[in-house]
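# Observations on chain architecture
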Amino acid sequence: MNRRAFLRCANLAGLSVGLPSGNAFGVTAEAAKAGSQVSASAPKSGSPETILLKDYRPTSLYKIPVTEIAKAKFPIIDMHSHPYAKTAAEIDEWVRTMDEVGVEKTIILTMATGAEFDEIYRKYSKYPERFEMWCGFNFSGYDKPGFGPAAAKELERCRKVGARGVGEIHDKGKGLRSGKSDAAGMHPDDARMDALWEKCGELGMPVSLHVADPIWMYQKMDRHNDGLMNAYEWRLDNQPNIVGLSGMVDIFERTLARHRNTTFVACHFMNLDYDLARLGEVLERNSNLYADISARYAETAPIPRFAAQFYAKHADRLVYGTDMGFDKAMYRVTFRILESLDEHFYEIEQFSYHWSLNGFGLSDEILRNVYRENAAKLLAARKL
């Protein structure tokens, strides 16, 4: 199953406890079978005048070294995953996979509150040293007077159950969302959110915040759109009353400035993977901010030299994450990009982009920081 198909399933389920179970990417056997049937029916050849972009599957013709990295060079704390495993057997399998690929601990961003969070916590409690649970927010009544105290009370309750952080909270430009709980039109810098962000800081609970979406989702769906193969399916350019990517970054930075005692982790390079220089400026202005690199490997691997320079400059503020299930092959793709100097290779089934990827060849010092040390520092700074 490729990442596009996985995200479609995840979007329908809100990436919550309701995610279907089955294989390593959290889909049912029926869905996987359907996906394979679709793949099997896709054109395998044909006239160049009839091949569709979505079916394009180039094969590298270069005879160059291929690096296979079965286990990460250094231990890893994965700061961005979700409750993909649904049964005790699947959770056991995940732990075995973590052992095999070198993941010491995984942060499970449940996005859930109430009984839903409690049930997820119960399932993963067998491995308290391997999995850490983060809860969500309950936005009920956000559009009515008096919003805030009840949400803060539930946050405190989740912390007593075992939540150690908050996330993944989304805002793609139309308002905040936490799993199944929505707050349309309310953005992170809204005054109604101030008490909740402050409560997170008071409780020592870092916040994983998904800001906007990749840039091409907001751009015109035309022949100039660099990410059209994914952009069209997840397009936001046709959404009314939506804040664009740049505007969402501004909103987030105002939030960071108002809540210096709260630590934030911007998911997916804050979706500034296309403008790493701006992300660097935001990091430099805000000491309470980290960025996770999850699910943006394919977006940065086409620019390996510039990306590697960015990693070197901000090696103390980036944390490893996946956000793509718990399959061994998935982890190993990330290791190849971060550790090797391989060039011009494809991982289309994983990422759904037809462009080629390249390795960054990061130094041992940078790898140690990104894989584990930055996350360990962030987690150790909390009041537990």
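Residues numbered from 1 in each chain as written. Predicted model: local features only at pLDDT ≥ 70, side-chain atom pairs only at ≥ 80, totals over all residues. Heavy atoms only, no water.

## Considerations on the packing of aromatic side chains
Inspection of every chain in the model, using the stated rule, returns 20 aromatic pairs. Taking 5.2 Å as the distance between ring centres and 65 degrees as the angle between the ring planes, the aromatic pair formed by tryptophan 94 and phenylalanine 131 counts as edge-to-face. Of this pair, tryptophan 94 sits in helix 3 (residues 88-101) while phenylalanine 131 is found in strand 3 (residues 131-134), placing the two residues 37 residues apart along the sequence. Look at phenylalanine 131 and you get buried, because its relative accessible area is 4%. (Phe/Tyr/Trp six-rings, centres within 6.5 Å; stacked < 30°, edge-to-face > 60°. Helix = DSSP H or I, 4+ residues; strand = E, 2+ residues; numbered from the N terminus. Buried < 20%, exposed > 50% of the residue type's maximum accessible area, 1.4 Å probe, protein only.)

## Observations regarding the layout of surface pockets
In this approach the atoms are scanned with a rolling probe the size of a water molecule, which exposes any empty space left behind. Volume-wise, the second largest pocket comes out at about 370 Å³. In terms of lining, the second largest pocket is formed by 18 residues, of which the most central are Lys172, Lys174, Gly175, Arg177 and Leu236. When residues of the lining of the second largest pocket are traced back to their parent elements, those giving at least two are strand 4 (166-171), strand 5 (175-178) and strand 6 (181-184). Within the lining of the second largest pocket, the residues separate by chemical class into 6 nonpolar, 4 polar and 8 charged. (1 Å grid on protein atoms, 1.4 Å probe; cavity = no way out; pocket = protein on both sides within 12 Å on 5 of 7 lines; lining within 4 Å. Points joined across faces, edges and corners; volume = space filled by probe spheres on them. Nonpolar A, V, L, I, M, F, W, Y, C, P; charged D, E, K, R; others polar.)

## Regarding the pairing of strand 1 (residues 76-81)
When you tally the buried positions in strand 1, you get 6 out of 6 residues, the bulk of the element. As paired strands, strand 1 and strand 2 (residues 103-109) are joined by 4 bridges and run parallel to one another. Note that in strand 2 the partner of isoleucine 76 across the bridge is valine 103. Crossover connection from strand 1 via helix 3 to parallel strand 2: handedness right-handed. (Pairing = 2+ DSSP bridges. Right-handed = clockwise from strand over helix to strand, strands pointing away.)

## Structural notes on the sheet that holds strand 2
Hydrogen bonds between backbone atoms are what pair the strands of a sheet, whose relative direction is either parallel or antiparallel. Strands sit in the order 1-2-3 across an open sheet of 3 strands; the sheet is parallel. Either end of the sheet is taken by a strand with one partner, and the two such strands are strand 1 and strand 3. Pairs of neighbouring strands in the sheet enclose a mean axial angle of 20 degrees, with direction left out of account. Lying on the sheet, helix 3 is in contact with strand 1, strand 2 and strand 3; it crosses strand 2 at an angle near 135 degrees. Running over the sheet, helix 14 (residues 364-380) touches strand 1, strand 2 and strand 3 and is turned about 70 degrees from strand 1. (Axes fitted to C-alpha atoms, helices over the stretch in contact; angles between N-to-C directions. Contact = heavy atoms within 4.5 Å.)

## Observations concerning the confidence of the model for the protein
When pLDDT is averaged across the protein, the result is 90; 88% of the residues are at 70 or more. Across residues 1-6, where pLDDT falls below 50, the model places 28 contacts with residues more than four positions away in sequence or in other chains. (pLDDT = per-residue confidence, 0-100.)

## Description of the pattern of salt bridges
On inspection of all chains with the given rule, the structure shows 26 salt bridges. The partner of glutamate 349 in a salt bridge is arginine 57, with the nearest N and O atoms 2.8 Å apart. Within this pair, whereas glutamate 349 is found in helix 13 (residues 348-351), its partner arginine 57 is found in the loop between helix 2 (29-41) and strand 1, the two being separated by 292 residues in sequence. One connected set of salt bridges, linked through shared partners, spans Glu104, Arg372 and Glu373. (Salt bridge = Lys/Arg side-chain N within 4 Å of Asp/Glu carboxyl O.)

## Thoughts on the packing of helix 4 (residues 114-124) against helix 5 (residues 149-161)
Between helix 4 and helix 5, whose axes approach to 10 Å, the crossing angle comes to 15 degrees. On the basis of the axis angle, helix 4 is roughly parallel to helix 5. Note on packing geometry: the crossing formed by helix 4 with helix 5 is right-handed. On the side of helix 4, the interface is formed by Gly114, Phe117, Asp118 and Tyr121, while helix 5 contributes Glu154, Arg157, Cys158 and Val161. Here the residues of the contact of helix 4 with helix 5 are counted per class, giving 4 nonpolar, 1 polar and 3 charged. (Parallel < 35°, antiparallel > 145°, perpendicular 65-115°, else oblique. Left-handed = near helix turned anticlockwise from the far one by under 90°.)

## Details of helix 4
Considered for burial, the residues of helix 4 that qualify are Phe117, Ile120 and Tyr124. Mapping the buried residues of helix 4 onto a view down its axis gives an arc of 65 degrees, with all of them on the same face. Buried residues in helix 4 make contact with helix 3, strand 2, strand 3 and helix 5. (Arc of directions from axis to C-beta.)

## So, the pairing of strand 3
Because side chains alternate across strand 3, one face comprises the buried residues Phe131 and Met133, and the other comprises Glu132 and Trp134, equally buried. Each parallel crossover has a hand, and for strand 2 linked through helix 4 to strand 3 it is right-handed.

## Focus on the side chain of serine 181
Within the secondary structure layout, serine 181 lies in strand 6. Looking at serine 181, the relative accessible area reads 15%, which means it is buried. Only 2.8 Å separates the side chain of serine 181 from the backbone nitrogen of phenylalanine 139, close enough to count as a polar contact. Sequence-distant contacts of serine 181, that is, excluding residues within four places in its chain, are made with Phe137, Asn138, Phe139, Ser140 and Leu176. (Polar contact = N/O pair within 3.5 Å; in protein donor to acceptor, adjacent residues only side chain to side chain.)

## Regarding the packing of helix 8 (residues 245-258) against helix 9 (residues 276-285)
Relative to each other, helix 8 and helix 9 sit at 10 degrees, their axes nearing to 11 Å. Between helix 8 and helix 9, the interaxial angle falls into the category roughly parallel. Between helix 8, through Ser246, Val249, Asp250, Glu253 and Leu256, and helix 9, the contact on the second element is made entirely by Arg278, Val282 and Arg285. Within the contact of helix 8 with helix 9, the residues separate by chemical class into 3 nonpolar, 1 polar and 4 charged.

## Some words on helix 12 (residues 328-339)
For helix 12, built from 12 residues, the straight-helix expectation of 16 Å at 1.5 Å per residue is met to within 8% by its first-to-last C-alpha distance of 16 Å. By the criterion of burial, helix 12 is predominantly enclosed, with 9 of the 12 residues buried. Along helix 12, the residues that are buried comprise Met330, Tyr331, Val333, Thr334, Phe335, Arg336, Ile337, Leu338 and Glu339. Near the N-terminus of helix 12, the side chain that reaches the backbone nitrogen of alanine 329, with its oxygen 3.0 Å away, is that of aspartate 327. (Expected span 1.5 Å × (residues − 1).)

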